[in-house]
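# Results of the structural survey
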Amino acid sequence: MNSIKKYSVLILVFLMTTVSYGQEFKNEEDRKKHANKLFDKGNYVEASPHILHFLSLNQTSPEYNFKYGVCLMYTDEDKEASLRYLRFAAAKKLEDTRVYFFLGKAYHLNYNFKAALLNYNKFKSEGEENYKEDLKVDLHIQMCKNGKSLLKNLTELVVYEKTESSFERFQYSYDLKEIGGKILVSAEFQSKYDKKVGYKSVVYFPPLNQDILFFSSYGKDASKGLDLYMVRRGASGDFENPEKLPETINTPFDDAYGFLHSDGKTFYFSSKGHTS
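Please read these numbers as outputs of a predicted model, since none were measured by experiment.

Calculation rules
Residues numbered from 1 in each chain as written. Predicted model: local features only at pLDDT ≥ 70, side-chain atom pairs only at ≥ 80, totals over all residues. Heavy atoms only, no water. 1 Å grid on protein atoms, 1.4 Å probe; cavity = no way out; pocket = protein on both sides within 12 Å on 5 of 7 lines; lining within 4 Å. Points joined across faces, edges and corners; volume = space filled by probe spheres on them. Helix = DSSP H or I, 4+ residues; strand = E, 2+ residues; numbered from the N terminus. Nonpolar A, V, L, I, M, F, W, Y, C, P; charged D, E, K, R; others polar. pLDDT = per-residue confidence, 0-100. Contact = heavy atoms within 4.5 Å. Patch = residues over 30% accessible without salt bridge, like charges linked within 9 Å, V, L, I, M, F, W, Y side chains within 5 Å. Areas by Shrake-Rupley, 256 points an atom, 1.4 Å probe, with all protein chains shown as cover. Salt bridge = Lys/Arg side-chain N within 4 Å of Asp/Glu carboxyl O. Phe/Tyr/Trp six-rings, centres within 6.5 Å; stacked < 30°, edge-to-face > 60°. Buried < 20%, exposed > 50% of the residue type's maximum accessible area, 1.4 Å probe, protein only. Expected span 1.5 Å × (residues − 1). Pairing = 2+ DSSP bridges.

Another aspect to go through is empty space enclosed by the protein. With the rule as written, the count across this model stands at one cavity of 30 Å³ or more. Estimated volume of the largest cavity: approximately 50 Å³. If you trace the largest cavity, you find it lined by Ser186, Ala187, Phe189, Gln190, Asp194, Tyr199, Lys200, Ser201, Val203, Phe215 and Ser216. Secondary structure elements with two or more residues in the lining of the largest cavity: β2 (201-205) and β3 (212-217). Here the residues of the lining of the largest cavity sort into five nonpolar, four polar and two charged.

This brings us to the confidence of the model for the protein chain. Counting all residues, the mean pLDDT for the protein chain is 85, and 91% of those residues have values of 70 or more. Here residues 1-23 is a poorly scored stretch, pLDDT under 50, and it has three contacts once near neighbours within four places are set aside; other chains count.

A contiguous nonpolar surface patch, about 360 Å² in accessible area, is contributed by Tyr111, Leu151 and Leu154. On the secondary structure map, Leu151 appears in helix α9 (residues 137-151).

Now for the packing of aromatic side chains. Tallying each qualifying case throughout the model produces 19 aromatic pairs. Measuring from ring centre to ring centre gives 5.4 Å for Phe39 and Tyr44, while their planes differ by 70 degrees; the resulting arrangement is edge-to-face. Across the pair, Tyr44 and Phe39 agree in class, each one buried. Seen in terms of ring centroids, Phe101 and Phe102 are 5.2 Å apart; in terms of plane orientation they differ by 85 degrees. Their pairing is edge-to-face.

On to helix α6 (residues 98-109), then. Under the 1.5 Å per step criterion, the end-to-end length of α6 is 16 Å for 12 residues, consistent within 8% with the ideal 16 Å. Of all 12 residues in α6, 11 are buried, a share of seventy percent or more. Listed as buried for α6 are Arg98, Val99, Tyr100, Phe101, Phe102, Leu103, Gly104, Lys105, Ala106, Tyr107 and His108. Tyr111 sits one or two residues past α6 and shows a positive phi near 65 degrees.

Where burial is concerned, most of β3 is hidden: five out of the six residues are buried. As defined by bridge partners, β3 adjoins strand β4 (residues 227-232) across six bridges and the pair is classed as antiparallel. Pairing of Ser216 across the sheet is with Leu228, part of β4.

On to the pattern of salt bridges. All told, the structure shown has 10 salt bridges when counted by the stated rule. Note that Lys244 and Asp227 form a salt bridge whose closest N and O atoms lie 3.1 Å from each other. Separated by 17 residues along the polypeptide, Lys244 in strand β5 (residues 243-244) and Asp227 in strand β4 bring together distant segments of the chain. Asp227 sits in the buried class, given a relative accessible area of 3%. Across the pair Lys272 and Asp254 runs a salt bridge whose closest N-O atoms are separated by 3.6 Å. With Lys272 in the segment after β7 (267-271) and Asp254 in the loop between β5 and β6 (255-260), the pair connects residues that are 18 residues apart, well separated along the chain. Note on Lys272: relative accessible area 41%, which makes it partly exposed.

Right, here's the structure in full:
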């Protein structure tokens, strides 16, 4: 009797899934268009199950091996998982030249900088100009060169503690008892463009006796990616107009997570420029 009930539940779930599928997609071609649209927008988490569906129907498809490999790169903790799919697609001479960039990226994430550079440079020589600009291939080539240099002087790293956190709870991951203040995901200094794309800066709010804050913003149009800004608290207690930090700190790429040490001189931040 129990097995019959379980079987009935499975049938019901299948029927509900089929109805949901029928409501969302008119046919397989409609689902394919939806999957490709998500992929081209960089929504790899949402695209992944749809891409996998089409890959399961044609496991030797260079296109869906490529696209599923890219999805895995951004959704799977195992950064080696994507390599087999991307290598397969590249070996089949896929017409989409982005395969060389993302194969390079997969090697890059696995610290195989030599193989990464080979594929980045192949993409740079054969890829479409709009793709090269969008994917910032020159920046990735420079990152690989920096990585090769850093590996020459590699020091053993010891991880004392590792904690996973969602972006929403990021600010609760740090013990600030010794220095005071708090970390908040703040919308207080958003530009119009930040609001449009939903970007909120992670800001360290020091104790009340310190009147300078640092935050990151895309500015008016994101033409230079994220940049770091400083804002001072005026005599009235309100914050004055933000000041963009100089180019010795801000680069043409993303710069964020600014933190001024209590000595008032040492400034820490993260950057995709400099020698990232």
